[in-house]
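# Working through the structure, step by step
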Amino acid sequence: AYRQVRLVEPLKQSLKNKKQKMQRALEAYGVAAEYGVAEVATLSTYRIAEIYNDLSRALLASQRPKGLSVDELEQYNVMLEEQAYPFEEKAIELHEVNVQRVANGIYDQWVKRSYEALGKLRPVRYAKVEKSEVIINALR
């Protein structure tokens, strides 16, 4: 239900509706995360992070009001970026919670997907490609 709500004009109204549906989804995943089963916790954490990331992207892609001047549109876009940023940061924080589980021996598809998401959200830190050198010992 959360993902089906589109951010259209009037933004205030559609955003309120989306946030209400988001809250219900977050509560459901939060309950699941408390089950004490590692795979359920990693899945829930991943899904919660993706909800936050989705809201950030949805804000940036939301319908713009008609009739704005170039300057007004630029200011509106900056305002949307400022509103979207905390949701993206929360998504990153939650994905990092998931990848920190590796230290406790937990690595499943949801931890892997959190690594992949972090590679897109923070490529400088998480999308590094390791370079290796091939050393050939030529003993004859």
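It should be emphasised that the depicted structure is a prediction, and the values quoted were computed from it without experimental measurement. Here the residue numbering is sequential within each chain, running from 1 through the sequence in written order. It should be noted that, the model being predicted, local features are given only for residues of pLDDT at least 70 and side-chain atom pairs only at 80 or more, the latter also being counted only at that level, while totals for whole chains, interfaces and linings use all residues. Water and hydrogen atoms play no part in the side-chain values, which are based on all heavy atoms of the structure.

Side-chain rings of Phe, Tyr and Trp, where Trp is taken by its six-membered ring, are said to pair if the distance between their centres is within 6.5 Å; with planes under 30 degrees apart they count as stacked, over 60 as edge-to-face, and otherwise as tilted. A complete count under the given rule lists two aromatic pairs for this structure. Ring centres 5.4 Å apart and planes at 45 degrees place the aromatic pair Tyr46 and Trp110 in the tilted group. With Tyr46 in helix α2 (residues 38-61) and Trp110 in helix α4 (residues 109-121), this residue pair connects regions lying 64 residues apart in the sequence. Assigned by exposure class, Tyr46 and Trp110 land together as buried. Helix and strand assignments follow DSSP, with helices taken as H or I runs no shorter than four residues and strands as E runs no shorter than two, numbered in order from the N terminus. Partly exposed describes any residue whose relative accessible area lies between the buried limit of under 20% and the exposed limit of over 50%, with all areas from a 1.4 Å probe on protein chains only and scaled to the type maximum.

Joining through side-chain atoms within 4.5 Å is the link that ties buried Ala, Val, Leu, Ile, Met, Phe, Trp, Tyr and Cys residues into a set, and such a set is a nonpolar core. Membership of the largest hydrophobic core comes to 20 residues, with the highest contact counts inside it found for Leu7, Met22, Tyr52, Leu55 and Leu59. Counting residues per element, this core draws most heavily on α2, which supplies seven residues. Residue contacts are counted whenever heavy atoms from the two residues lie within 4.5 Å of one another. Once you skip the residues sitting within four places of it in the chain, Tyr52 turns out to touch Met22, Leu26, Phe87, Lys90, Ala91 and Leu94.

With that settled, the discussion passes to the pattern of salt bridges. When a carboxyl oxygen of Asp or Glu is within 4 Å of a side-chain nitrogen of Lys or Arg, the pair counts as a salt bridge. The full count for this structure, using the stated rule, is seven salt bridges. For the salt bridge of Asp54 with Arg57, the shortest nitrogen-to-oxygen distance reads 3.8 Å. Taken together, the residues Asp54 and Arg57, both in helix α2 and three residues apart, mark about one turn of the helix. With a closest N to O distance of 3.0 Å, Glu89 and Arg122 form a salt bridge. Here Arg122 lies in the loop between α4 and α5 (123-126) and Glu89 lies in helix α3 (residues 70-99), a separation of 33 residues in the sequence. Because the salt bridges share partners, they merge into one network encompassing Arg3, Lys18, Asp54 and Arg57.

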